[in-house]
Amino acid sequence: MAPYRIRLYRDEDYDAVRSLFARGIMEHAPAMYRHVLCLTRVQLGLLSLFWAVCAMAGSWLLALAAVVLVLAAMWPVIHSFSKSFVTEALVADLQDIDSYYMRAPDSCFWVVEAGGAVVAMVGAAPTQDLERPGPAMELKRLSVSREHRGHGISRALCGEVLRFARARGYGAVVLYTSTVQLVAQRLYESQGFRKVLERSPSLFSRLICFHLIHYRLQLPSHP
Ligand SMILES: CC(C)(COP(=O)(O)OP(=O)(O)OC[C@H]1O[C@@H](n2cnc3c(N)ncnc32)[C@H](O)[C@@H]1OP(=O)(O)O)[C@@H](O)C(=O)NCCC(=O)NCCS
């Protein structure tokens, strides 16, 4: 892998950052689809559909076609569910990265450059602590391009956010990830974060047992 360097976000990184974020989220859509297919209620629903069509139409081929049709129809639903996360972020903090992260107090955004391209990113901004009254630093929008994974880049970016939070006197770093982001969960746990809360952001996500998982890391107190 080409050597990489972590640096502060600049205006010319705007498109690369937004597209890296979108790719990082959208790649979880197939995992989300598999997650939904593994749900007992979905499997029972498909089985019931199969037997119902079999009984009504007297054809197992038609019943199979009905199941395949439902399976195919589920994909765009799951895809657009993932897309809604991307859209939300792109019109929120990632709409004006400079104002949200680079000009706001106690906030920052870093990118990783390798071979002249932006290959990873992370942001930090103050939020409400999950466990105690008062503020905590939130680690946001961590993403590493596929070709640059497995080389410790995300660990280095987490380290950057933790140092930033400590230097500004924060006692904790919080973040959230999701049910299907298993690598991210492993990463955060290996960095000392622990799960403090799981919640479903909508009725649909509750139906498909999709949770946002909140993590928290207590920083060592200052001397
Ligand atoms: C999650 C992600 C940021 C990890 O980036 P990365 O640079 O490949 O991670 P690193 O090489 O720094 O690995 C750090 C730790 O993550 C975990 N990890 C990384 N790749 C893994 C894999 N393929 N399987 C299991 N664990 C893995 C390990 O705990 C690893 O520590 P170790 O090397 O000591 O075992 C990256 O996969 C990604 O961008 N995914 C898409 C977007 C995303 O899900 N972002 C998280 C938002 S909450």
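Below: a short report on this structure. Treat the numbers as computed from the prediction; the structure is a model and nothing was measured.

Some points on the overall build of the chain
For step 1, the next point in the chain: Secondary structure summary: the chain contains eight helices and seven strands in total.
For step 2, the next point in the chain: For the chain, the C-alpha atoms occupy an extent of roughly 75 × 40 × 30 Å along the three principal directions.
For step 3, the next point in the chain: Per-residue burial over the chain gives 26% buried out of 223 residues.

Side note on the pairing of strand 2 (residues 108–114)
In regular strands, side chains alternate between the two faces of the sheet.
For step 1, the next point in the chain: Bridge count between strand 1 (residues 4–8) and strand 2: five bridges; the pairing is antiparallel. Bridge pairing links L8 to W110 in strand 2.
For step 2, the next point in the chain: The sheet contact formed by strand 2 and strand 3 (residues 117–128) spans seven bridges and is antiparallel. Within strand 3, the residue paired with F109 across the bridge is G123.
For step 3, the next point in the chain: Between the end of strand 2 and the start of strand 3, which pair antiparallel, lie two residues, with G115 showing a positive phi angle near 55°.

Focus: the site of the ligand
For step 1, the next point in the chain: Around the ligand, a shell composed of 18 residues is seen, among which G24, R149, S154, T177 and L187 lie nearest.
For step 2, the next point in the chain: Elements with a minimum of two residues in the shell around the ligand: strand 4 (135–144), helix 6 (153–167) and helix 7 (182–190).
For step 3, the next point in the chain: Top contributing element to the shell around the ligand by residue count: helix 7, with five residues.

Considerations on the environment of H35
For step 1, the next point in the chain: When you line up the elements, H35 lands in helix 2 (residues 29–37).
For step 2, the next point in the chain: Residues H35 and V180 lie 145 residues apart in sequence; the distance between their C-alpha atoms is 7.5 Å.
For step 3, the next point in the chain: Those residues in contact with H35, other than ones at most four positions away along the chain, are T179 and V180.

Description of the nonpolar core
For step 1, the next point in the chain: By size, the foremost hydrophobic cluster in this structure holds 39 residues, and its most contacted members are L157, V161 and V173.
For step 2, the next point in the chain: Here this core gets six residues from one element, more than from any other, and that element is strand 3.
For step 3, the next point in the chain: With sequence-adjacent residues up to four places away left out, L157 is seen in contact with I6, W110, V112, A120, V122 and L142.

A look at the environment of L162
For step 1, the next point in the chain: Topologically, L162 is positioned in helix 6.
For step 2, the next point in the chain: Classification of L162 by C-beta neighbours within 10 Å gives partly exposed; the count is 19.
For step 3, the next point in the chain: Residues L162 and A172, ten residues apart in the sequence, show an inter-C-alpha distance of 8.7 Å.
For step 4, the next point in the chain: Setting aside residues no more than four positions away along its own chain, L162 makes contact with V173 and L219.

Points about the packing of helix 2 against helix 4 (residues 60–90)
For step 1, the next point in the chain: The N-to-C vectors of helix 2 and helix 4 enclose an angle of 125°; their axes lie 9 Å apart at closest approach. Here helix 2 lies oblique to helix 4, going by the angle between them. Where helix 2 crosses over helix 4, the two elements pack in a sense that is right-handed. Within the contact between the two elements, helix 2 uses A29, M32, Y33 and V36 and helix 4 uses M74, W75, I78, H79 and S82.
For step 2, the next point in the chain: For the contact of helix 2 with helix 4, the class distribution of residues is seven nonpolar, two polar and no charged.

Overview of unusual backbone geometry
For step 1, the next point in the chain: For R141, which is not glycine, the phi dihedral falls at a positive 60°.
For step 2, the next point in the chain: Among the structural elements, R141 can be located in strand 4.
For step 3, the next point in the chain: R141 sits in the buried class, given 23 other C-beta atoms within 10 Å.
For step 4, the next point in the chain: Although it is not a glycine, C209 adopts a positive phi angle of roughly 55°.
For step 5, the next point in the chain: Tracing the sequence through the fold places C209 in the loop between helix 8 (203–207) and strand 7 (212–218).
For step 6, the next point in the chain: The class for C209 is partly exposed, based on 15 C-beta atoms found within 10 Å.

Describing the sheet that holds strand 3
For step 1, the next point in the chain: Pairing is mixed in the open sheet, where seven strands are placed in the order 1-2-3-4-5-7-6. This sheet does not close on itself; its edge strands, each paired only once, are strand 1 and strand 6 (194–199). This sheet shows a mean twist of 25° between the axes of neighbouring strands, independent of strand direction.
For step 2, the next point in the chain: Where strand 3 meets strand 4, eight bridges bridge the pair, whose relative direction is antiparallel.

Criteria and thresholds
Residues numbered from 1 in each chain as written. Predicted model: local features only at pLDDT ≥ 70, side-chain atom pairs only at ≥ 80, totals over all residues. Helix = DSSP H or I, 4+ residues; strand = E, 2+ residues; numbered from the N terminus. Buried ≥ 20, exposed ≤ 12 C-beta atoms within 10 Å, placed from the backbone. Pairing = 2+ DSSP bridges. Near = placed C-beta within 6 Å. Contact = placed C-beta atoms within 7 Å. Core = buried A, V, L, I, M, F, W, Y, C linked by C-beta atoms within 7 Å. Axes fitted to C-alpha atoms, helices over the stretch in contact; angles between N-to-C directions. Parallel < 35°, antiparallel > 145°, perpendicular 65-115°, else oblique. Left-handed = near helix turned anticlockwise from the far one by under 90°. Nonpolar A, V, L, I, M, F, W, Y, C, P; charged D, E, K, R; others polar.

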